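The chain contents come next:
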Amino acid sequence: MTALLFLLIPTVSSVLLLLFHRNRVMAQWVNLVFNFLWAAGLFKLWMEFRVQPETSVFPIWFSWDWAPFIGSRFSLAIDGLNFPLLALNVVLSLSLAFYAIGHEKLSASYLALFSFLNAASVGSLMAADAAAFYLFWELMLIPMYFLIGKWGSKNRIYASLKFFGFTMAGSLLLLGAIVYVGLNSPSLGWHDLKEQRWVFDGWFSPQALLFLGFLAAFAVKIPVWPLHTWLPDAHTEAPTGASVILAGILLKLGVYGIARWCFVLFPEASLASSTFMMGLGVVGVILGSLSAMAQKDIKRTIAYSSVAHLGFMVIGLFALREESIQGALFQNLAHGLSTGALFLIFGMIYDRTHTRELKDYGGLATKNGVLATLFLFSAMASIGLPGLPGFVGEFLVLSGSFVTNPWLTILAMSGILLGAVYMLSAMKKILYGEVSPTLEAHPVVLKWSEWMAIAPMVVLMLILGLMPQGFLKLSESAVLGMLSVFK
């Protein structure tokens, strides 16, 4: 029941926040209270999770017979694979609740949509039934579409429609695959589907086509090159909170979906596609990095850096080794924190300056040394500086994938150098040199709530960078169980 309660907290808050549609300030404080309640629910989940035996496939499980006529149960499950992402979702949401305090543009309807998005994202993470998973997967589209389309920048309508179109196209292929699975399986539950062995004797066999149906939705969400073009537009036009949660959680669901559903349900097809998918990951790393170097818009620079980082995760997943998959999952968290922090900090700067152009900045370190230090710290975490979580994730990905395919791994390593070039170049232009007229005219002085928004991300980056063993131990049994299907 704790898993259900954890899901209900953001669901209920999304409804109750609408009652304060005439009182923006009260809505912001109520949203903060609900996020603290959600954090308490996460702590309760952790207390239950840690006392369960490591041999449990899902230490926390909730099931309700909601649609027996299609063989579906409303099943929620938590293990070492999804618990870290649930925790990340709560941390980012709590940070954004602090950021919203006193923000004149963030109304009750914005906060309600954000809570609804949280409910859909954690529902997708916890769903252990294909029908329930698809329901939550599709529900994520609605709030994000409106968050970008209503509260975004100048080209928000184009960006929201592009996001919706790409994601919906992938989701339709996923729906077709789920319908076929449902018609040919005793149920849509994860346990039953895991035992189902689909024939794989070529790329027109049932398992291959089902794998491609599932993979299409996850590849768009990650996004894998060349399906990435919606992401820079969405990030650029989205409001700060939507950019943070998009980078921190929604993209991560693509990586999670491959690990949870594709590998376990379609192992032969996953193995057969591994080299091709690793190649796409390498292309994403290199082209994403080169594109980031060419940008003059700060948010687009960060957005293309996400394409490169997620390319590393695709390489780690499809190398199909314990250390590489552990690295991809760890990088999932590291990227969510570092890129989320970059979007959040720049969003606070943008709230004052209202420009995203690199040429309009310079001298931030002179005007606000503490904020500049935190911005640089987040950039170093994104690059993968030793002692920070990006280094741990990339090291595990590269060391594991080198065993599987050394040549592709060597090509991918160029992305580390390119990442340092574009990120350090951007930081130099923003932080140092003479103070720009923009920053002279619009000094960046943060409120207490904005400092509180940044703090949890910085603290977690330090913890994960210096003490990664806790996460690696948490996800170890889930990763080993996943890899057992390939033996």
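As a reminder, the structure under discussion sits directly above these lines.
Residues numbered from 1 in each chain as written. Predicted model: local features only at pLDDT ≥ 70, side-chain atom pairs only at ≥ 80, totals over all residues. Heavy atoms only, no water.

What about the overall build of the chain?
Regarding its fold elements, the chain presents 22 helices and two strands. Computed over its C-alpha atoms, the radius of gyration of the chain comes to 21 Å, within 12% of the 23 Å expected for a compact globule of 487 residues. Counting only C-alpha atoms and orienting by the principal axes, one finds that the chain spans roughly 65 × 55 × 45 Å. Among the 487 residues that make up the chain, the fraction classed as buried is 63%. With the model as given, the accessible surface of the chain reaches about 18100 Å², and the carbon-plus-sulfur share is 69%. Distance between charge centres in the chain, computed from 28 positive and 24 negative side chains, equals 7 Å. (Helix = DSSP H or I, 4+ residues; strand = E, 2+ residues; numbered from the N terminus. Rg over C-alpha atoms; globule rule 2.2 N^0.38 Å. Buried < 20%, exposed > 50% of the residue type's maximum accessible area, 1.4 Å probe, protein only. Areas by Shrake-Rupley, 256 points an atom, 1.4 Å probe, with all protein chains shown as cover. Lys, Arg positive; Asp, Glu negative; His and termini not counted. Charge placed at Lys NZ, Arg CZ, Asp CG, Glu CD.)

Looking at the side chain of Asn 332
On the secondary structure map, Asn 332 appears in helix H15 (residues 322-353). The buried category is assigned to Asn 332, whose relative accessible area is 0%. The residues touching Asn 332, leaving out its near neighbours within four places in the chain, are Leu 85, Leu 88, Lys 252, Val 255 and Met 313. (Contact = heavy atoms within 4.5 Å.)

Observations concerning the pattern of salt bridges
In total, this model carries 11 salt bridges according to the counting rule given. For Glu 48, the salt bridge identified is with Lys 44, shortest N-O distance 2.8 Å. In this pair, Glu 48 and Lys 44 are both assigned in helix H2 (residues 24-50), four residues apart and thus about one turn of the helix distant. In this structure, the salt-bridge partner of Asp 233 is Arg 300, at a minimum N-O distance of 3.2 Å. With a gap of 67 residues between them, Asp 233 in helix H10 (residues 230-237) and Arg 300 in helix H14 (residues 298-318) connect regions that are remote in the sequence. On the basis of relative accessible area, Asp 233 is assigned to the buried category, the value being 14%. (Salt bridge = Lys/Arg side-chain N within 4 Å of Asp/Glu carboxyl O.)

A look at the packing of helix H5 (residues 130-139) against helix H6 (residues 141-151)
In the contact formed by H5 and H6, the axes pass within 4 Å of each other and the chain directions differ by 5°. The angle between the axes of H5 and H6 places the two elements in the roughly parallel class. Touching Trp 137, Glu 138 and Leu 139 of H5 are Leu 141, Ile 142 and Pro 143, all from H6. Broken down by class, the residue content of the contact of H5 with H6 amounts to five nonpolar, no polar and one charged. (Axes fitted to C-alpha atoms, helices over the stretch in contact; angles between N-to-C directions. Parallel < 35°, antiparallel > 145°, perpendicular 65-115°, else oblique. Nonpolar A, V, L, I, M, F, W, Y, C, P; charged D, E, K, R; others polar.)

Examining the environment of Asp 297
Summarising the element assignment, Asp 297 is placed in the loop between helix H13 (274-294) and H14. If sequence neighbours within four positions are ignored, Asp 297 has contacts with Thr 236, Arg 356 and Glu 357.

Overview of the packing of aromatic side chains
Scanning the model with the defined rule gives 24 aromatic pairs in all. For the ring pair Phe 163 and Trp 230, a centre distance of 5.5 Å and an interplane angle of 55° mean the geometry is tilted. One end of the pair, Phe 163, is in helix H7 (residues 156-183); the other, Trp 230, is in helix H10, and 67 residues separate them in sequence. The exposure class assigned to Phe 163 is buried, which follows from its relative accessible area of 1%. On the basis of relative accessible area, Trp 230 is assigned to the buried category, the value being 0%. With a centroid separation of 5.2 Å and an interplanar angle of 70°, the aromatic rings of Phe 330 and Phe 471 are classed as edge-to-face. In this pair, Phe 330 is assigned in helix H15 and Phe 471 in helix H22 (residues 469-483), connecting sequence segments 141 residues apart. Neither residue differs from the other here; Phe 330 and Phe 471 are each classed as buried. Across the ring face of Trp 137, the terminal group of Lys 221 is positioned such that the distance to the ring centre comes to 4.9 Å. (Phe/Tyr/Trp six-rings, centres within 6.5 Å; stacked < 30°, edge-to-face > 60°. Lys NZ or Arg CZ within 6 Å of the ring centre and 35° of its normal.)

A few points about the nonpolar core
Grouped together as the largest cluster of nonpolar side chains are 182 residues, with contacts concentrated most on Phe 214, Phe 318 and Phe 375. No other element matches helix H11 (residues 240-265), which puts 18 residues into this core. (Core = buried A, V, L, I, M, F, W, Y, C linked by side-chain atoms within 4.5 Å.)

Describing a nonpolar patch on the surface
A surface patch of nonpolar side chains, about 440 Å² in accessible area, is lined by Leu 287, Leu 290, Met 293, Leu 417 and Val 421. Elements that contribute at least two residues to the nonpolar patch include exactly H13 and helix H19 (406-431). It is H13 that provides the largest number of residues to the nonpolar patch, a total of three residues. Along the chain, Leu 290 falls in helix H13. (Patch = residues over 30% accessible without salt bridge, like charges linked within 9 Å, V, L, I, M, F, W, Y side chains within 5 Å.)

What to know about unusual backbone geometry
That bond from Ile 222 to Pro 223 is cis: its omega, -5°, falls within 30 degrees of zero. Tracing the sequence through the fold places Pro 223 in the loop between helix H9 (206-221) and H10. Each neighbour pair has its own omega, and for Trp 225 with Pro 226 the value is 10°, a cis peptide bond. For Pro 226, the position within the fold is in the loop between H9 and H10.

Side note on the packing of H15 against H22
Axes are the key here: two packed helices are described by the angle between their axes and the distance separating the axes. Contact geometry for H15 and H22: axes closest at 10 Å, N-to-C directions at 130°. On the basis of their axis angle, the class for H15 and H22 is oblique. As H15 packs across H22, the resulting crossing turns out to be right-handed. Contact residues: H15 offers Glu 322, Ile 325, Gln 326, Leu 329, Phe 330 and Leu 333, while H22 offers Phe 471, Leu 472, Ser 475, Glu 476, Val 479, Leu 480, Met 482 and Leu 483. (Left-handed = near helix turned anticlockwise from the far one by under 90°.)

Let's talk about H22
An α-helix turns once per 3.6 residues; consequently, residues spaced three or four apart project the same way. When the terminal C-alpha atoms of H22 are compared, their 20 Å separation across 15 residues agrees well with the 21 Å that a helix rising 1.5 Å per residue should span. Where H22 bends most, the angle comes to about 40°, and this point is Glu 476. Of all the positions in H22, only Phe 471, Leu 474, Ser 475, Ala 478, Val 479, Met 482 and Leu 483 are classed as buried. Those residues of H22 that are buried are in contact with H2, helix H3 (83-100), H11, H15 and helix H21 (448-466). (Expected span 1.5 Å × (residues − 1). Bend = angle between axes of the 7 residues up to and from the residue.)

Looking at the environment of Gln 196
Within the element layout of this structure, Gln 196 appears in the loop between helix H8 (190-195) and H9. Spatially, the C-alpha atom of Gln 196 lies 51 Å from that of Ser 425, the residues being 229 residues apart in sequence. Apart from the residues within four sequence positions on either side, Gln 196 is in contact with Asn 184, Ser 185, Pro 186 and Leu 265.

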